[in-house]
Structures are given as C-alpha cells and as structure tokens.
Amino acid sequence: MIDFSIPAERAAERDRVRQFVIDKIVPFERDPRLTAQGLNDELRQELVELARAEKLLTVQASVELGGRGLTHVEQAVLYEAAGWSTLGPVAMNCAAPDEGNMFLLSKIADPEQTAKYLQPVIDGHQRSVFAMTEPGGAGSDPNQLTTEAVFDGENFTINGRKWLITGADGAKTWIIMARLAANPHLPEGPTLFITDGDTPGIVIERVMSTMDRNYVGGHAVVNFDNLVLPRESVLGETGQALRYAQLRLAPARLTHCMRWLGAAERAQSIAIDYAKTRTAFGKPIGEHQGVSFMLADNEIALHQCRLTIWHACWLMDQGEKARHESSIAKSFVSEELFKVTDRCVQVLGGIGISDETVVEMIFRDMRAFRLYDGPTEVHKYAIGRKILR
Ligand SMILES: Cc1cc2nc3c(=O)[nH]c(=O)nc-3n(C[C@H](O)[C@H](O)[C@H](O)COP(=O)(O)OP(=O)(O)OC[C@H]3O[C@@H](n4cnc5c(N)ncnc54)[C@H](O)[C@@H]3O)c2cc1C
C-alpha cells in the first residue's frame, strides 16, 4: 500500500530546511558571484558553511559516511524545500552534479577511492565532475562515446574532448567516461575512471556562457590530452560504464525534479502575490479569470509533479530500479515545470522578464532542465520502445 503521509518529524525538518533557505540563502540570490559561468567556489563555500552550521549539510549521505541515510521519498520532501532558492541545494550539498556523483561513488568506489574522492565531497570540502558528453560523440546516445583509453598493461592513456561538463573548473574529484580500446589484459568498452582534477593531461579549454546560473563552476569544454592514469583509477569494472551511468541517472534525474519543483513553487508564490496586489481594469489581476486560470493550471501541475516524483521514489524505496517511472517523471516534470514557470513570467507582466524578481532566473535554469540527464525526446524514445516491446 502506498502511504504518502509525511511523518511529523520529517515535516518539521522540511519546515526547518525551508526556513533556513528563506533566512540564510535567499539573500545571496543577487550576489554578483552568480554569473553566466555559474557561481564560483568562494560563494559556494560560504553557502556550504551556513548549511554546516545548521547541521543541514549532505543529509542524504549514508549514516556510515556522515549523513542520515534518507529514503528517496524523504529526499523528495527535503530537496523540494531546499529548492525554494536555486542556491539552497548548493548550500546543502545536494545539487548536481555532486549529488549524483556521491550516489554513484557510494555504490561502486573501492575503500581507497571512497576515502580519497568521495568523503571530501560529502564533507563539502571538494567538488566533483561527471565527464561524459562530447562534441560529435556521446550525448543523447552515449554509445557514440569517442574518448579513448589505451591500456599498456600498467597505465591508461586517455585522449578525447568533452563539453557541457558541469563544475569542471575547480573540481578535484573527476569521473571520466572513456572507451577502453581492445587489449590483452582487461575487458574493453565504455569505462569509468576516477582521478584528481589536477592530474596533468586534464585541460579546461574554457567555461561556456550559458543561460542557466546555478551550477558551481558553470559548464566547461575539456580536453584530455594524453591523460595517464594508473590501473587503480578504474571505477568499478572496465566495460561497465553505461550500466553505471544508468545506476547514477535513475535517482539523479529524480533529484533534479525534486529541486526544480521547489523552485517552481517559489515562482508560483511570487506570481500569486503579484496577482493579488496588481490591479487592472478595476480589480486585482488575479480576479480576472485569464490570470486565475494560469495560477490554477500551475497548482494542478505542481501537485501532479509532486505525486509523480513521490511515486517513482516510493518504488525505489521498495527496492525497484524504477527506470521506466523515473524516465516518465523526468520528461513530465521538466516539461510541466517549464510551463509553470513560463506562466509565472506571464502573470508578472513585463517585470517577469527582468531580474526584479527571481522568476526570470528560475525560468532560464528550468529551460536547461529539459535537456540534461536525458532530453525529453530521449526519455519519450525509451518509454515508447518499452511500451511497444
Ligand atoms: C546545463 C547542462 C549541464 C550538463 N552537465 C553535464 C555534465 O556535467 N556532464 C556531462 O557529461 N554532460 C552534461 N550535460 C550534457 C547533457 O547530458 C546533454 O546535453 C544531453 O545528454 C543531450 O546530449 P547533446 O547535448 O549532445 O544533444 P544531442 O544528442 O545532440 O541531441 C540534440 C537533440 O536531438 C534530440 N534527440 C536525440 N535522440 C533522439 C531520439 N531518439 N528521438 C527524438 N529526438 C532525439 C535530443 O532530444 C535533442 O533535442 C549537460 C547539459 C546541460 C544543458
């Protein structure tokens, strides 16, 4: 039986998170360190320390690694509250890509890799990268991976180019996907490697200017130029990268949904306030049906999105992979929340496209959400294939 009632203790924690975000994090939303190349590490560290002081840092990590070992449904409740500010998840260390990377590493990293690469990320002292997407290579179709690793029996030499790599600039923990060339020692195929961002051969060509703002370090173009890694840098088993990527993506795409749900609620609250106070044609605009219907459509969509997320989370909490349901959730929630935010811009009139309110920034970040962790069309493609099988 599905029971989505929130226990009193968890509801109290959700309220505490929401209040922390409102009191301590919202004031940073106009910080000049938040730019078209994301936010910088200095700002991130300030935010992280605020969450640490409130004991709200990395609450999702396992108990053994210093977190609280939340269920997926519990994460949904808290991340939604954190998402009230686009900077809330950064402060609480549950933003992408670190959140998904921490999840993946907690499943497949060996003890040395855990101590060196995962624990400092959990502790908020280090950031991480997941480098898969390539210009002309891996993207919607990761099978097109072109970055190549050549193994000589002792070391791997990696060459290739990636782009849209979030947080690359300044991150220490790097997870790199490369295709292991045929060799007599190890199974070939797409393989994950883990290394330090300072390793010679990792060259950040540039940080792209993008329409979103809220990822630390922005999104970079990266060149792997004769990057030499030892045998111990293989993450998990060689040839298994696409399976591991799926392991990471199913929960990671849901956590995006949770955080952006919180941001869309914030936009809706700003639109409601405006609709109550702004007048036109003799009454508050909210009393014109054209406006109240937009707000009502938003309310319906927010509720549907929450239930869709919670259902997929609940399935995962029952031990199911829920790949199909998380695909449904990612495509549905990203499209619906984008429409919600667009309607909020419309309700705000001309001011909606200005930075007088945070709605404009949420709208731009929400646009990107329809692309990463599987564009909508790719999820529909997978859903379509499943239902026709
Ligand atoms: C903000 C942001 C952050 C990102 N961060 C990272 C990161 O940290 N690490 C990383 O490795 N990558 C990252 N990415 C890349 C992201 O994973 C890719 O953008 C995504 O997988 C799509 O790949 P692509 O951009 O190459 O699009 P393409 O593969 O070029 O696709 C172009 C279009 O074709 C459509 N399409 C493809 N296949 C089908 C199909 N079967 N049916 C219908 N339409 C289809 C797509 O939906 C899309 O609209 C990020 C992207 C963004 C926008």
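The text that follows walks through the structure, step by step, so that each part is easy to find. If you're wondering where the values come from, they're calculated on a predicted model, not measured in any experiment. (Residues numbered from 1 in each chain as written. Predicted model: local features only at pLDDT ≥ 70, side-chain atom pairs only at ≥ 80, totals over all residues. Heavy atoms only, no water.)

Let's talk about the site of the ligand
Step number 1: In the vicinity of the ligand, 17 residues are found, and the nearest of them are F130, T133, S140, T166 and E377.
Step number 2: At 2.7 Å from a nitrogen atom of the ligand is found a main-chain nitrogen or oxygen belonging to F130.
Step number 3: Measuring from an oxygen atom of the ligand, one finds a side-chain N or O atom of S140 at 2.7 Å.
Step number 4: Compared with its free state, where it exposes 970 Å², the ligand has 66% of that area covered by protein.
Step number 5: Among the residues forming the shell around the ligand, the class breakdown is ten nonpolar, five polar and two charged. (Near = heavy atom within 4 Å. Polar contact = N/O pair within 3.5 Å; in protein donor to acceptor, adjacent residues only side chain to side chain. Areas by Shrake-Rupley, 256 points an atom, 1.4 Å probe, with all protein chains shown as cover. Nonpolar A, V, L, I, M, F, W, Y, C, P; charged D, E, K, R; others polar.)

Side note on the side chain of Q126
Step number 1: Checked against the element boundaries, Q126 lands in the loop between α6 (111-122) and β3 (128-131).
Step number 2: Since its relative accessible area comes to 13%, Q126 is described here as buried.
Step number 3: At a separation of 2.8 Å, a polar atom in the side chain of Q126 contacts the side chain of T173.
Step number 4: Among all residues touching Q126, those that are not within four sequence positions of it are R44, K116, Y117, P120, V121, K172 and T173. (Helix = DSSP H or I, 4+ residues; strand = E, 2+ residues; numbered from the N terminus. Buried < 20%, exposed > 50% of the residue type's maximum accessible area, 1.4 Å probe, protein only. Contact = heavy atoms within 4.5 Å.)

Notes on the pairing of strand β5 (residues 155-166)
Step number 1: Alignment of strand β4 (residues 148-151) against β5, held across four bridges, turns out to be antiparallel. For F151, the partnering residue across the bridge sits in β5 and is F156.
Step number 2: Counting the residues in the hairpin turn of β4 and β5 gives three residues, including G153, whose phi is positive at 100°.
Step number 3: The sheet contact formed by β5 and strand β9 (residues 219-230) spans nine bridges and is antiparallel. Across the sheet, the residue bridging to N155 is P230, located in β9. (Pairing = 2+ DSSP bridges.)

Side note on the pairing of β3
Step number 1: Of the two faces of β3, the one carrying S128 and F130 and the one carrying V129 and A131 are both buried.
Step number 2: As paired strands, β3 and strand β6 (residues 173-180) are joined by four bridges and run parallel to one another. Of the residues in β6, the one forming a bridge with S128 is T173.

Description of helix α2 (residues 41-53)
Step number 1: Helix length check: α2, at 13 residues, gives a terminal C-alpha distance of 18 Å against a target of 18 Å (1.5 Å per residue), a fit within 8%.
Step number 2: Those residues of α2 that sit buried are L43, R44, L47, V48 and A51. For α2, the angular spread of the buried residues around the axis is 135°, confining them to a single face.
Step number 3: In the core, the buried residues of α2 are packed alongside α1 (8-25), β1 (34-35), β2 (38-39), α4 (88-91) and α5 (98-108).
Step number 4: A positive backbone phi angle near 60° is found at K55, which sits one or two residues after α2. (Expected span 1.5 Å × (residues − 1). Arc of directions from axis to C-beta.)

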